[in-house]
Amino acid sequence: MAILSISRRTARTVRILGVASASAALALGAAGNALACNIKEFSAEAKCDGEKGVIVVTDKDPSRTEAVVSVFLQNNGADAREVGELTVKGSREGTTITFAEDWQPNATYRIHVKAGKDGKLVNEDIKPNLTTPSTACKTETPSTPATPSAPETPTPSVTESGSESAAPTASASESTTAPAGADNNAPSPAVGDSNLAETGADSNTGMIAGIAAALVVVGGGAVFFGMRRRGANSNS
C-alpha cells in the first residue's frame, strides 16, 4: 500500500510540473510573438517638404528589429519604377524614414517591408497601397499676361504748336546785356570827354567866359553912348 501511495503522489507531481511547463512555454511564445517585428507596425504617408513631395514610412517595432523598406510607384497595378530603398530600426515611439519623391496627385505607391534574416520575420507589403493626396505640393499658377498700356500722347510744347507758339523767353544774361549792334562799333568817348560830360566844363571855359563878359561890357557902353547922343540931339 505504501508503494502505491508513493507512485500516485509522484504521478500527480509530474502532471503539475508538466502543466506548469506548458503554461510557461505558451506564455513565452506569446510574449515572443508580441515582441517580434510585425507588418502592422509599419505605416506610410505622402507629405510635402516645402514645395517638394516626400513619402514618410514609420516603424513602431519595440524590438528594434532592422528592416529594409522599399518604395515602388505603381501604374495599372504593376511596378513602374523603384523610388528607393532604406533601412530602419523601429522603436516604441516610432522611427521614421523619408523618401524624396515629387509625387503627383492621386498616384499609387507600393511599400514593401523585409525584416529578419532572409525576411523570416516580415516579407510583405504595407496594406493598403499608399495613395497620394489630390492636391500637389506646388500649384502652378498661370501667369496673367500684362495688359499693354495705351501709348502716351506727347503734349505739344509751347514752341511746337503754331497757335501756342511764342517768342522764346530771353535768358537773364540776354535780357540784361545790351544787344550787339552799331553802338558796339561806335568809338568810345575819350577820357577827357567823359570828364567834361560829368563836370559840364573844359579847360577853355574861363577864356570863353571872359570874352563873353567883354562883349557884354562893350554892348552896354554902346547902348549908353547911343542914348546920350540921342538926348543931345533932342536938346539942340
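Look a little higher up for the structure.
Notes on unusual backbone geometry
Okay, step 1: Here the amide bond leading from Lys 127 into Pro 128 is cis, since omega sits at -5 degrees, within 30 degrees of zero.
Okay, step 2: Tracing the backbone shows Pro 128 in the loop between β7 (122-125) and β8 (130-131).
Okay, step 3: A positive phi angle is found at Arg 64, which is not glycine, with a value near 55 degrees.
Okay, step 4: With respect to the helices and strands, the residue Arg 64 is situated in the loop between β2 (52-59) and β3 (66-75).

What about the sheet that holds β2?
Okay, step 1: Judged by pairing direction, the sheet is antiparallel, and its three strands sit side by side in the order β1-β2-β5 without closing on themselves. The open sheet has two edge strands, β1 (42-49) and β5 (95-100), and neither has a second partner. Adjacent strand axes in the sheet meet at a mean angle of 25 degrees, parallel and antiparallel pairs treated alike.
Okay, step 2: Where β2 and β5 come together, six bridges link them in antiparallel fashion. Its bridge partner lying in β5, Asp 59 is registered against Thr 95.

Considerations on the nonpolar core
Okay, step 1: Core analysis: the largest hydrophobic core is formed by 23 residues, its most contacted members being Phe 42, Val 69, Tyr 109, Ile 111 and Val 113.
Okay, step 2: Of all the elements in the fold, those that place two or more residues in this core are β1, β2, β3, β5 and β6 (108-115).
Okay, step 3: Those residues in contact with Phe 42 that lie beyond four places of it in its chain are Cys 37, Thr 58, Asp 59, Ala 67, Val 69, Val 88, Val 113 and Ile 126.

Rules used throughout
Residues numbered from 1 in each chain as written. Predicted model: local features only at pLDDT ≥ 70, side-chain atom pairs only at ≥ 80, totals over all residues. Heavy atoms only, no water. Helix = DSSP H or I, 4+ residues; strand = E, 2+ residues; numbered from the N terminus. Pairing = 2+ DSSP bridges. Axes fitted to C-alpha atoms, helices over the stretch in contact; angles between N-to-C directions. Core = buried A, V, L, I, M, F, W, Y, C linked by side-chain atoms within 4.5 Å. Buried < 20%, exposed > 50% of the residue type's maximum accessible area, 1.4 Å probe, protein only. Contact = heavy atoms within 4.5 Å.

By themselves these figures say nothing about function.
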